[in-house]
Amino acid sequence: MPPDAQSFDFLNVDIGNRSTPTSLMNPCMQFYSIPTPHNKKYHHHMDRIKGLVGKIIGLQLNRLCSDGGVMEGDTNMITHLLQSTIEENFSPTDTDGNTGCPFSSSLPSKSIPDTVISNLTPTDKDQIIESVSKMLITFLMAGYETTAISMSFVVYFLSKYKRCQERCAEEARRVLGRCGVHGTDIDDDELVYCRAVFMETIRLHLPVMFTTRVTEKEMSFDTGLEEGHNVTIPKGTRCVVCPTVVHMDERNFERAEEFLPERWVRWERGRWVERDYETEGLKSTALPSITEDEQDSPPISAKYDEENNSASSISAADPHNFFSFSDGARNCVGKRLAIMESTILIAVLLRDVCVDFAEEGFEMKKVRRFVTCGPESLPVVFWRRE
């Protein structure tokens, strides 16, 4: 395992180790500044990650400065974080006392004033890099294990359902081509079916078992168990929310226990497009047939006609019933990053290789680790795709 991956793995395991009941009562595990052998090892790995992240951010900051602070055509997460940090700490405030936020739709410009960029000193740049590094490391560490577990589930489903694997490969080769492509050249919005595979995977098998919320006011709900049966939750109650219960309810997702990426997408005019629940309502929309005029892209795999036809009849998924990233103001801050990197990884992987179970009749068993839950084992084999 590469050194950087070793450090990510160590820090991820360390979070779980420090959160056990025994460790919570151990000062040496809760105060990172105590020079124990374990804490020294922690700081060694954390310094390595800080160095890696800081180098990447520094390169992006230098690029932003050399371009005069212009963001046009370059709206990746690091650039957004850099602009936000620069505006918050170095840009003059407007008449209302606000600096503006690059994530706000009310911000008319996608550039930083040249006077601000030119006046940044080396010390200012170090401060910006440190600030953005902290945010980015939080995103990466919070999503490291959950993304890894999610991708394990993706590999499991694609090994089990070959028709979905074929469709991902077809889309990947159409969008990415058969040769190598740089990561910055990939537009994950074009990998619609690969993204649907990821969404359907975490609908059925979520790496995080539950989340919690505290009610801000008294709330009453119709349980749906019988007519007029309501339950009242007092203000200030801590509620445990289990997304899997929501996702496996037939009232929320048709054929809820089946793995059907087609509930998120449909084939239209030679490519996959996202389905719109509001437009389609509860009506099932079969995939349109491909005409000769639309053969400019790889056709849907015809190897699994019966399964494909069955999948095509599924109703569009209602995104309001999807809680894998929670919802509302306190939903997962890394949602966009997780979807983007997982979608691209699926496409890059299946463009070039095939995957299948290494053991005939393999059935997955899950094991709990702190608040996450992943496969106990996943024996698979990979080989080059023709």
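Each chain carries its own residue numbering, running from 1 in the direction its sequence is written. Where totals are concerned, whole chains, interfaces and linings use all residues; where local detail is concerned, this predicted model gives features only for residues with pLDDT of at least 70, and gives and counts side-chain atom pairs only at 80 or more. Side-chain metrics rest on all non-hydrogen atoms present in the structure, leaving aside hydrogens and water.

1. Structural notes on the overall build of the protein chain
At step 1: Helix and strand counts for the protein chain stand at 13 helices and ten strands.
At step 2: Only protein chains enter the accessibility calculation, which uses a 1.4 Å probe; a residue whose area is less than 20% of its type maximum is buried, one above 50% is exposed, and one in between is partly exposed. Relative to its 386 residues, the protein chain shows a buried fraction of 41%.
At step 3: In the protein chain, of all internal contacts separated by at least 6 residues, the share reaching a separation of at least 24 is 70%.
At step 4: For the protein chain, the exposed area adds up to about 22,000 Å²; of that, 54% sits on carbon and sulfur atoms. Here a helix means four or more residues in a row that DSSP labels H or I, a strand means two or more in a row labelled E, and each is numbered from the N terminus. We call two residues in contact whenever any of their non-hydrogen atoms come within 4.5 Å of each other. Per-residue accessibility takes into account occlusion by the displayed protein chains alone, with areas from the Shrake-Rupley method and a 1.4 Å probe.

2. A few points about the nonpolar core
At step 1: Counting residues in each nonpolar core, the largest one holds 44 residues, and the members touching the most others are Leu-158, Cys-168, Val-197, Trp-264 and Ile-346.
At step 2: Ile-346 has contacts with Met-151, Val-154, Leu-158, Cys-168, Cys-194, Val-197 and Phe-198, leaving out every residue within four places of it along the chain.
At step 3: In terms of nonpolar packing, the next biggest core, distinct from the first, is built from 26 residues, Phe-8, Tyr-42, Ile-57 and Ile-86 among them. The set of buried Ala, Val, Leu, Ile, Met, Phe, Trp, Tyr and Cys residues whose side-chain atoms join them within 4.5 Å is what this entry labels a nonpolar core.

3. Focus on the confidence of the model for the protein chain
At step 1: Values of pLDDT, ranging from 0 to 100, describe the predictor's confidence in every residue of the model. Chain-level pLDDT for the protein chain is 81 on average; 82% of the residues reach the 70-or-more range.
At step 2: Scored below 50 in pLDDT, residues 284-298 makes 31 contacts in the model with residues more than four places away or belonging to other chains.

4. Comments concerning the packing of helix 7 (residues 122-160) against helix 13 (residues 335-352)
At step 1: Lines are fitted to the C-alpha atoms to define the axes, a helix being fitted only along its stretch in contact, and any angle between axes, read from their N-to-C directions, falls within 0 to 180 degrees. Helix 13 packs onto helix 7 with a crossing angle of 40° between their chain directions and a minimal axis gap of 10 Å. When the axes of helix 7 and helix 13 are compared, the pair comes out oblique. Taken as a pair, helix 7 and helix 13 cross one another with a handedness that is right-handed. Contacts from Phe-139, Thr-147, Met-151, Val-154 and Leu-158 of helix 7 reach helix 13 at Leu-337, Ala-338, Glu-341, Ser-342, Leu-345, Ile-346 and Leu-350.
At step 2: Among the residues making up the contact of helix 7 with helix 13, the classes are represented as nine nonpolar, two polar and one charged. These descriptions rest on fixed angle ranges, namely under 35 degrees for roughly parallel, over 145 for roughly antiparallel, 65 to 115 for roughly perpendicular, and the rest for oblique. Crossing handedness is read from the near helix: turned anticlockwise from the far helix by less than a right angle, it gives a left-handed crossing, and turned clockwise, a right-handed one. Gly falls in the polar group here, along with every residue not listed as nonpolar (Ala, Val, Leu, Ile, Met, Phe, Trp, Tyr, Cys, Pro) or charged (Asp, Glu, Lys, Arg).

5. Details of the pattern of salt bridges
A side chain of one charge can pair with a side chain of the opposite charge when the charged atoms of the two come close.
At step 1: Definition used for salt bridges: Asp or Glu carboxyl oxygen within 4 Å of a side-chain nitrogen of Lys or Arg. Per the stated rule, a full pass over the model turns up 20 salt bridges.
At step 2: In this structure, Arg-336 engages Asp-188 in a salt bridge whose closest nitrogen and oxygen atoms are separated by 3.0 Å. Highlighted residues: Arg-336 in helix 13 and Asp-188 in the loop between helix 8 (162-176) and helix 9 (192-204), separated in sequence by 148 residues.
At step 3: For Arg-195, the salt bridge goes to Asp-189, with nearest N and O atoms at 3.2 Å.
At step 4: The exposure class of Arg-195 is buried, given its relative accessible area of 11%.
At step 5: Shared partners join several salt bridges into a network, and the residues in it are Asp-188, Asp-189, Arg-195, Glu-274 and Arg-336.

6. Concerning the side chain of Asn-321
At step 1: Note on placement: Asn-321 falls in the loop between helix 12 (305-312) and helix 13.
At step 2: Exposure remark for Asn-321: the relative accessible area of 16% places this residue in the buried category.
At step 3: Non-local contacts of Asn-321, meaning those with residues more than four positions away in its chain, are made with Val-246, His-247, Asn-252 and Phe-253.

7. Section: the pairing of strand 5 (residues 265-268)
At step 1: In short, DSSP must find at least two bridges between two strands for them to pair. As judged from the four bridges shared by strand 5 and strand 6 (residues 271-274), these two strands associate in the antiparallel manner. Bridge pairing in strand 6 links Trp-267 to Trp-272.

8. Comments concerning the environment of Glu-274
At step 1: The residue Glu-274 is located in strand 6 in this model.
At step 2: Sequence-wise, Glu-274 and Ala-316 are 42 residues apart; in three dimensions their C-alpha atoms are separated by 9.4 Å.
At step 3: Setting aside chain neighbours within four positions, we find Glu-274 in contact with Val-192, Arg-195, Trp-264, Val-265 and Arg-266.
At step 4: Here a polar contact is taken to be a pair of N or O atoms separated by no more than 3.5 Å, where protein atoms must pair a possible hydrogen donor with a possible acceptor and residues adjacent in sequence count only if both atoms sit in side chains. A polar side-chain atom of Glu-274 sits 2.7 Å from a polar atom in the side chain of Arg-195.

9. Looking at the packing of aromatic side chains
At step 1: Any pair of Phe, Tyr and Trp rings, taking the six-membered ring for Trp, is counted once the centres come within 6.5 Å. Such a pair is stacked with planes under 30 degrees apart, edge-to-face with planes over 60 apart, and tilted for the rest. Going through the model one piece at a time under the given rule, you end up with twelve aromatic pairs.
At step 2: Judged by centre distance (5.6 Å) and plane angle (50°), the ring pair of Tyr-156 and Phe-357 falls under tilted. A residue pair is termed long-range when its members are at least 10 positions apart, and Tyr-156 in helix 7 and Phe-357 in strand 7 (residues 353-357) qualify at 201 residues.
At step 3: Owing to a relative accessible area of 5%, Tyr-156 belongs among the buried residues under this scheme.
At step 4: Judged by relative accessible area, which is 17%, Phe-357 ranks as buried.
At step 5: Members of the aromatic cluster, each reached through a chain of ring pairs, are Tyr-156, Phe-157, Tyr-161, Phe-259, Phe-357 and Phe-362.
At step 6: Taking NZ or CZ as reference, Arg-203 lies 5.0 Å from the ring centre of Phe-253, over its face. Definition used: whenever NZ (Lys) or CZ (Arg) falls within 6 Å of the ring centre and also within 35 degrees of the ring normal, the charge is taken to sit over that ring.

10. Points about the packing of helix 4 (residues 37-66) against helix 7
At step 1: Across the interface, helix 4 lies against helix 7 with an axial gap of 8 Å and an inter-helix angle of 125°. When the axis of helix 4 is compared with that of helix 7, the two are oblique. Crossing of helix 4 against helix 7: the hand is right-handed. Packed against helix 4, whose contacting residues are Met-46, Ile-49, Lys-50, Val-53, Gly-54, Ile-57, Gly-58, Leu-61, Asn-62 and Cys-65, the element helix 7 presents Lys-125, Ile-128, Ile-129, Val-132, Ser-133, Leu-136, Ile-137 and Leu-140 at the interface.

11. Re the environment of Val-116
At step 1: One can find Val-116 in helix 6 (residues 114-118).
At step 2: Overall, Val-116 belongs to the buried group, its relative accessible area being 7%.
At step 3: Taking the C-alpha atoms as reference, Val-116 lies 8.7 Å from Glu-87; in sequence the two are 29 residues apart.

12. Some thoughts on the environment of Ile-15
At step 1: Within the secondary structure, Ile-15 sits in helix 1 (residues 3-17).
At step 2: In this structure, the C-alpha to C-alpha distance between Ile-15 and Met-141, residues 126 residues apart in sequence, is 9.4 Å.

13. With respect to helix 1
At step 1: The end-to-end C-alpha distance of helix 1 is 21 Å, a good match for the 21 Å that 15 residues give at a rise of 1.5 Å each.
At step 2: Residues Ser-7, Phe-8, Phe-10, Leu-11, Asn-12, Asp-14 and Gly-16 constitute the buried set of helix 1.
At step 3: In this structure, the buried residues of helix 1 make contact with helix 4, helix 7 and strand 8 (366-369). In this scheme, a helix's expected span is set at 1.5 Å multiplied by one less than its residue total.

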